[in-house]
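Structural overview
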Amino acid sequence: MDVRTWKDSADNFREYLETDIDLNLLFIVLFLIGFGLLMVYSASSYVALRDFGKSSYFFRKQIIADVLGLVCMFITIFMPVKKIMDLPHIKKIVYFLAIGVIFLVIPFGIESHGARRWIQVPFIGGNLQPAEITKLLMIIFLAAMINSMGNKAITSWKGFSLCMGLTCLASILLYTVTDNLSSALIVFCIAFVMCFVASADFKKYLLFIALGLAAAGGLIAYVSSNDSAAEGSFRLTRISSWLHPENSTETSAHQMLQGLYAIGNGGWFGRGLGQSVQKITVLPEPHNDMIFAVICEELGIIGAISLMIMFALMIYRMLLIARNTKDRFNFLVVSGIMAHFAIQVVLNIAVVTGSIPNTGVSLPFISYGGSSALFLLIEVGLVLNIDRANRAESRGK
Amino acid sequence: MALKQKKKKSNSRGTFTARQLRFYKLSMLLLVLLVILVFLSIRLVKIVRDHGEDYQRIVLSNQRYDSIIIPFRRGDIVDSKGTILATSEKVYNLVVDASVMMTYDDNRYLEPTLTALGQCFPQININELRAYVTNNESSQYHILAKRLTYGEISEFLNMQENNSYIRGVTFEEEYKRIYPMGNSCSTFLGYTIGNGNSGGKYGLEEYYEGILTGTDGREYGFQNEDATLERTIKPAVDGYTIHTTIDATIQGIVEKHLSIFNETYRNNYRQGNGAENLGCIIMDINSGEILAMADFPTYNPGDYMNTDPLIGCNYYEAVENAGGYIEYRKSAETITQEMIDQMSSDQINVNLYNLWKNQCISYTYEPGSTAKPFTVGAALDCGAITGNEVYTCNGALQVSNYFIKCHTYDSGGDGVVTVQDSIAWSCNVALMKIAQSLGTENMCKYQRLFNLGLKTGIDLAGEARTETLVYNASTMGPVDLATNSFGQNFNATMIQMISGFSSLINGGYYYEPHLVSYITDSNGAVIQTIEPRVLKQTVSESVSERMRQYCRATVMEEGGSRRSGRNARPYGYAIGGKTGTAQTIPRETGQIVISFMGYAPADDPQIAIYVVIDRPNFAKQDNVKYACLLCRDILQEVLPYMGIYMTEPLTDEEIKYLEEKQLENTLRYTQGSEEQSVETGTEDPYEEIELSEITDSTGETASVYPRWMSYPIDEKTGYRVGPDGKYYDADTGELATESMSILDDTIPVNDNLDGNTQTE
């Protein structure tokens, strides 16, 4: 090959990228991954040095997970998803897979942080959270399910109930088998959003939202009025310690309070990258669920809001892709993935700012966590796959 | 606004396709997300605006960087050869942070930490600690054990490094004062309060406090203008090391012999130590550098509150005197363990004060005959006598209305006495006559010149003031002049006496006595050098030469049979010196201070030595022989150690003695053995003494066996008692006469003199 052929192929590749892939979305995702790595290193270095003798312990593991995730993402972009979904009985297979993986924790589970949520992956040596697989598969399953039902059916109570019923089964299993309430709630919310988007109805959903808010308000009122009510129940204790973090001796309240201190300490412009004081011993799990608090402390409110804008931009880019999607299944997949990202971002930041009780949701691409990064990148790959299909379609016109 | 728009669209959905509707509904999701993100941003802003400062403060207070003191290291004290006499060792306080141990409800830190503590520190009661930690969850600073050495904590440090669940234990650094010599050297070292950096007491530790102490460092955090935590370390400045002129080997020899003396004569006549006070100073005669300074009993500066050394000492009690001051009065009673058990802590402290004092510089006493060279030197130097005078001693002299005896009063006096004899035989009558020609004015002038009544300025804390304990020209009467001439009726300290004596011997140069030769910083760089300082010329070189001659005659055979210091001569050496036998107040009680002050070698003086035995534990205390023998035993070891060769021939007996005691015989390297054997036989000093004593007391010529050898030994006193009722020394036949009471109660005494009290 001479220089010209090299140049030609490079030009071809660039042209291909520009025409086939949404570089805006790709850039935002790559930025978030890079920023996430930086923050994981900053937040975890002390803990890693203390517990493992190597400050880059978590950082290295996260790099491996991110690289693996990016490879999977690119594979996903070029996968013939549509063809796979046309296979016979594919809906049932996907659904049973989504539910089936949950049960893997029973024989292969590893207990960590007091819950059995991880399974050991043979040969690779990493740990995997089946809940992440369930979330992805449930999005695909629901998109296919709703797509097969048609507009009228999903708008009807019957169609809605069927979708939500199947989702509830998955959620309940997630909660009971892996003791993972946050994943169960996320799956439920994703399904709710997907049904909402697919149906032509508003009233039903507004009613459900109103009911949900009323139930939450009632629960809070009950816990706050009755001190002893929280005793004995792990979930209710969390609500109680959220309402009165100063009085609580529970770890989650301590975590939340220290997160608030970190935000206060950071102020508008932050202490500077790497200068967090709270991440040193005081703030538990600074690189996991509480990484946003470290970001606030080191980069200030300005840095935190900038990060939120990046997330909003990412979801906006996905919305634009959805607009160009004529295929109903593809549209619903994008909707589900958008919902997934939006819900995780909102829940995580809400917990750190003390707006809701501690649920234990990670911040997409930023928090430390291999399986989360891997499956979120596969989801991004799916969105880019759909975008590619859209572009091909518009070119073909 | 947005919601209304959506409603409008949904109302007229007929105009929308299903795809458009889906998109609008999805857009609503983004809208809701944006609304929520805006709400969360507002919440962030509110947290910072409403609580930012509070939270910053909480975060800062969580960090304990603001008050970590880095302790300085107190400087070492070393001897002239670099042997460490006092040093500071880093020790560790075990601090427990209960809040860290209790971080998690599942006790994941607590139990591993407690187990490790239990394994490494058997002295810690783990159950008590568990109770403390669980009951005081917020406690961050609890000292569990103090002053552990690195060896004691290293095992735990290893475990802590290998197990991340061992938490909440830190080690705080501190320094502990170590005195590797134990009881030795306490005389001049002093101690440090609490064995730490709380300041020195007595001796070098107190005198050089400012040199030995450094400055604490500090690691502190502060908020700068941006409220950022800044951490700054100001390192500690360590104290300086002082290099003393003391030679630990010489010091050890001196202390050994003082201790042997005490062991030998403890409970000999009365209950208690071998003497009320024992002291010895060895000094470089040509520089004023102290080579050894010891008193007895000593104490361990590392354990200075220990009451064991008090046993056998005289009991001191605090008495309020007429002036309203508290006086510490020495009683005749000696301390026993039973007494200590019954003493109050105040009483124990009073007695410990006395123990901690350096008797060589703070104890004042009447020096007795060791002051005679001062009187003679003064008379020669001012021309009052020429040195060729001859005096007659009839055993006593009438001064004003008082009859002052010589120690030879009972045997009819010394007879014809030259100036040399007056020193060598220690004749009081001749000295009184010399003092009369000197006059009160000159006497007082020369006393000041010899620094009597003044402080020597030695670099040790606690030197006694003696200003009121001497006469001045206007207060000194003829009787005072007479008694002062032989060292009674004024008080001095040991350091005053030996410093003055050194100047008499070394050519008249009065050196300021000192213990420190130079000071180095913690890196070993010399900060200050302390050169020997000549304060004044006391006598002329020619007078000094005569004094060397007289003092030599006191010890060596040229002084004749009656010389008082013959027992002080170490075998193989020629030395000079002067004995002292001083009565204490009240007189007539037989309470005597015996002493020997000398220099060696006689022809080339290098060191001065002064041995004082205050009220020895004998029935009859006035036997100066014991001070001489103590001096001899010390010099016998010190001189060879200092590389001073023997110059005098050794008898077979002396060689045998040296071999038995495994003492060095440096004569062999300088002189042939043949020469020695020629001298032996005629040189036996004991034989000569025995014969001469008999001649003196009985007037008869010698028989083969001296008569006193047949006298029975009195078991109570250890003396032979003759038919005339007189006591004779059991070994030498020396007459231990009753008439040693030269002064009786009628002779006026300086009101300020009182050997038994001291005012704090």
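Rules and cut-offs
- Residues numbered from 1 in each chain as written.
- Chains lettered and ligands numbered in written order.
- Predicted model: local features only at pLDDT ≥ 70, side-chain atom pairs only at ≥ 80, totals over all residues.
- Heavy atoms only, no water.
- Helix = DSSP H or I, 4+ residues; strand = E, 2+ residues; numbered from the N terminus.
- Buried < 20%, exposed > 50% of the residue type's maximum accessible area, 1.4 Å probe, protein only.
- Contact = heavy atoms within 4.5 Å.
- Areas by Shrake-Rupley, 256 points an atom, 1.4 Å probe, with all protein chains shown as cover.
- Salt bridge = Lys/Arg side-chain N within 4 Å of Asp/Glu carboxyl O.
- Buried area = accessible area lost by both parts, 1.4 Å probe.
- Nonpolar A, V, L, I, M, F, W, Y, C, P; charged D, E, K, R; others polar.
- Core = buried A, V, L, I, M, F, W, Y, C linked by side-chain atoms within 4.5 Å.
- Domains from an automatic or database assignment.
- Patch = residues over 30% accessible without salt bridge, like charges linked within 9 Å, V, L, I, M, F, W, Y side chains within 5 Å.
- Pairing = 2+ DSSP bridges.
- Axes fitted to C-alpha atoms, helices over the stretch in contact; angles between N-to-C directions.
- Disulfide = S-S within 2.5 Å.
- Polar contact = N/O pair within 3.5 Å; in protein donor to acceptor, adjacent residues only side chain to side chain.
- Parallel < 35°, antiparallel > 145°, perpendicular 65-115°, else oblique.
- Left-handed = near helix turned anticlockwise from the far one by under 90°.
- Phe/Tyr/Trp six-rings, centres within 6.5 Å; stacked < 30°, edge-to-face > 60°.
- Lys NZ or Arg CZ within 6 Å of the ring centre and 35° of its normal.
- pLDDT = per-residue confidence, 0-100.

Before going further, it helps to examine the overall build of chain A. The helix and strand inventory of chain A stands at 15 helices and three strands. By the burial criterion, 54% of the 397 residues in chain A qualify as buried. For chain A, the proportion of contacts with a sequence separation of at least 24, taken over those separated by at least 6, is 69%. With an accessible surface of roughly 17200 Å², chain A has 67% of that area assigned to carbon and sulfur atoms.

Scanning chain B from terminus to terminus reveals 23 helices and 29 strands. Within the span of chain B, comprising 760 residues, buried residues form 54% of the whole. The contacts of chain B with a sequence gap of at least 6 include a subset with a gap of at least 24, amounting to 70%. As displayed, chain B offers around 32700 Å² of accessible surface, 48% of which is attributable to carbon and sulfur atoms.

What follows is about the pattern of salt bridges. Residue and element names in this part refer to chain B. Per the stated rule, a full pass over the model turns up 27 salt bridges over all chains. Between Asp 76 and Arg 73 there is a salt bridge, and its shortest N-O distance comes to 3.2 Å. Assessed through its relative accessible area of 11%, Asp 76 is described here as buried.

What follows covers the interface of chain B and chain A. When the parts of a complex come together, some accessible area is lost, and that lost area is often taken as the interface size. At the interface, 40 residues of chain B touch 54 residues of chain A. Both sides together, the interface formed by chain B and chain A hides about 4200 Å², and carbon and sulfur atoms give 72% of it. Of all residues in chain B, Arg 22, Lys 25 and Leu 44 of chain B give up the largest surface area on contact with chain A, accounting jointly for 17% of the area buried on that side. For the pair chain B and chain A, the number of links is zero salt bridges. Looking at the side of chain B that touches chain A residue by residue, the classes come out as 23 nonpolar, nine polar and eight charged.

Membership of the largest hydrophobic core comes to 135 residues, with the highest contact counts inside it found for Phe 292, Met 314, Met 318, Phe 365 and Ile 366 of chain A. No other element matches the 19 residues that helix α13 (residues 291-323) of chain A contributes to this core. Two domains each put at least three residues into this core: domain 1 (28-78 + 238-397) and domain 2 (88-201) of chain A. Apart from the residues within four sequence positions on either side, Met 318 of chain A is in contact with Leu 25, Val 334, Ile 337, Met 338, Phe 341, Val 380 and Val 383 of chain A. In terms of nonpolar packing, the next biggest core, distinct from the first, is built from 103 residues, Phe 490, Phe 501, Val 516 and Tyr 599 of chain B among them.

What follows covers a nonpolar patch on the surface. All names here are of chain A. Together, Ile 63, Val 67, Val 71, Ile 75, Met 79, Ile 84 and Leu 87 line one region of the surface with nonpolar side chains, adding up to about 560 Å² of accessible area. Counting residues per element, the nonpolar patch draws most heavily on helix α3 (residues 57-77), which supplies four residues. Counting through the fold element by element, Val 71 comes out in helix α3.

Residue and element names in this part refer to chain B. In this structure, the amide linkage connecting Phe 296 to the following residue, Pro 297, adopts the cis form with an omega of 5 degrees. Its location among the elements puts Pro 297 in the loop between β12 (290-296) and β13 (314-320). Unusually for a residue other than glycine, Asn 267 sits at a positive phi of about 55 degrees. Mapped onto the elements, Asn 267 comes out in the loop between α10 (248-265) and β11 (275-284). The class for Asn 267 is partly exposed, based on a relative accessible area of 40%.

The subject of this paragraph is the sheet that holds strand β23 (residues 576-583) of chain B. Residues and elements named next belong to chain B. Spatially, five strands are ordered β12-β11-β25-β24-β23 in an open sheet, and the strand pairing comes out antiparallel. Of all strands in the sheet, those bounded by a partner on one side alone are β12 and β23. Geometrically, the sheet is characterised by an average inter-axis angle of 5 degrees between neighbouring strands, direction not taken into account. Where β11 and β12 come together, six bridges link them in antiparallel fashion. Paired with Ile 281 across the two strands is Met 293, which belongs to β12. Its contacts with the sheet put α10 on β11, β12 and β25 (607-616), and the angle it makes with β12 is roughly 25 degrees. Helix α20 (residues 625-641) rests against β11, β23, β24 (592-600) and β25 of the sheet, and its axis sits at about 145 degrees to β25.

Here we come to the environment of Val 319 of chain B. Residues and elements named next belong to chain B. Assignment of secondary structure puts Val 319 in strand β13. A relative accessible area of 31% places Val 319 in the partly exposed class. Expressed as a C-alpha distance, the spacing of Val 319 and Arg 329, which sit 10 residues apart in the sequence, is 6.6 Å. Not counting the four nearest positions on each side in its chain, Val 319 is found in contact with Tyr 325, Ile 326, Glu 327 and Arg 329.

Let's shift gears to the state of the cysteines. Each disulfide is one covalent bond, formed between the sulfur atoms of two cysteines. Scanning the model with the defined rule gives zero disulfides over all chains in all. The cysteine Cys 427 of chain B is free of any disulfide, with Cys 393 of chain B supplying the nearest cysteine sulfur at 3.7 Å.

We now examine the side chain of Ser 199 of chain A. The residue Ser 199 of chain A is located in the loop between α9 (181-198) and α10 (203-225) in this model. Of the residues examined, Ser 199 of chain A reaches a relative accessible area of 0% and is grouped as buried. Side-chain polar atoms of Ser 199 of chain A contact the backbone oxygen of Phe 196 of chain A, separated by 3.4 Å. Non-local contacts of Ser 199 of chain A, meaning those with residues more than four positions away in its chain, are made with Ile 154, Thr 155 and Tyr 205 of chain A together with Leu 21 and Lys 25 of chain B.

Moving on, we get to the packing of helix α14 (residues 372-381) of chain B against helix α18 (residues 494-505) of chain B. All names here are of chain B. Two elements in contact, α14 and α18, have axes separated by 10 Å at closest approach and are oriented at 40 degrees. Regarding the angle of α14 to α18, the classification is oblique. Handedness of the α14/α18 crossing: left-handed. Contacts from Pro 373, Phe 374 and Gly 377 in α14 reach Met 497, Gly 500, Phe 501 and Leu 504 in α18.

The geometry of two aromatic rings is summed up by the distance between their centres and the angle between their planes. Under the counting rule described, the total for this entry stands at 40 aromatic pairs over all chains. Between the aromatic rings of Tyr 353 of chain B and Trp 356 of chain B, the centroid separation amounts to 5.9 Å while the plane-to-plane angle is 65 degrees, which identifies the pairing as edge-to-face. Note that Tyr 353 of chain B and Trp 356 of chain B are positioned in helix α12 (residues 345-356) at a spacing of three residues, about one turn of the helix. By relative accessible area, which is 30% here, Tyr 353 of chain B ends up partly exposed. Following the ring pairs from residue to residue traces out a cluster consisting of Trp 157, Phe 160, Phe 192, Phe 196, Phe 202, Tyr 205 and Phe 208 of chain A. Between the NZ or CZ atom of Arg 22 of chain B and the centre of the ring of Phe 331 of chain A, over which it lies, the distance is 5.0 Å. Its end group placed over the ring of Phe 202 of chain A, Lys 25 of chain B keeps NZ or CZ at 4.8 Å from the ring centre.

Bringing the pairing of strand β21 (residues 526-529) of chain B into the picture now. Residue and element names in this part refer to chain B. Note: strand β20 (residues 516-520) against β21, three bridges, orientation antiparallel. Paired with Thr 520 across the bridge in β21 is Val 526. Connecting the antiparallel pair β20 and β21 is a turn made up of five residues, with Gly 524 showing a positive phi of about 95 degrees.

Residue and element names in this part refer to chain B. In this fold, Asn 489 is placed in the loop between α17 (478-485) and α18. A distance of 3.3 Å separates polar atoms of two side chains, one belonging to Asn 489 and the other to Thr 483. Ignoring sequence-local partners within four residues, the contact set of Asn 489 consists of Glu 366, Tyr 471, Asp 480, Thr 483, Asn 484, Arg 587, Pro 748, Val 749, Asn 750 and Leu 753.

With that out of the way, let us pick up the confidence of the model for chain B. Residue and element names in this part refer to chain B. A residue-level look at chain B finds 84% of positions with pLDDT of 70 or above and a mean pLDDT of 82. Note that residues 1-14 has pLDDT below 50 and, in this model, seven contacts with residues that lie over four places away or in other chains. Every residue in residues 670-704 scores below 50 in pLDDT, and together they form 45 contacts with partners more than four places removed in sequence or on other chains.

Residue and element names in this part refer to chain B. The interhelical angle for the contact between α10 and α20, taken along N-to-C directions, is 150 degrees, at an axis separation of 10 Å. Relative to α20, α10 is oriented roughly antiparallel. For the element pair α10 and α20, the recorded crossing hand is right-handed. Judged by residue contacts, Thr 249, Ile 250, Ile 253, Val 254, Lys 256, His 257, Leu 258, Phe 261 and Tyr 265 of α10 engage Tyr 626, Leu 630, Asp 633, Ile 634, Glu 637, Val 638 and Tyr 641 from α20. Here the contact of α10 with α20 is built from residues that sort into 11 nonpolar, two polar and three charged.

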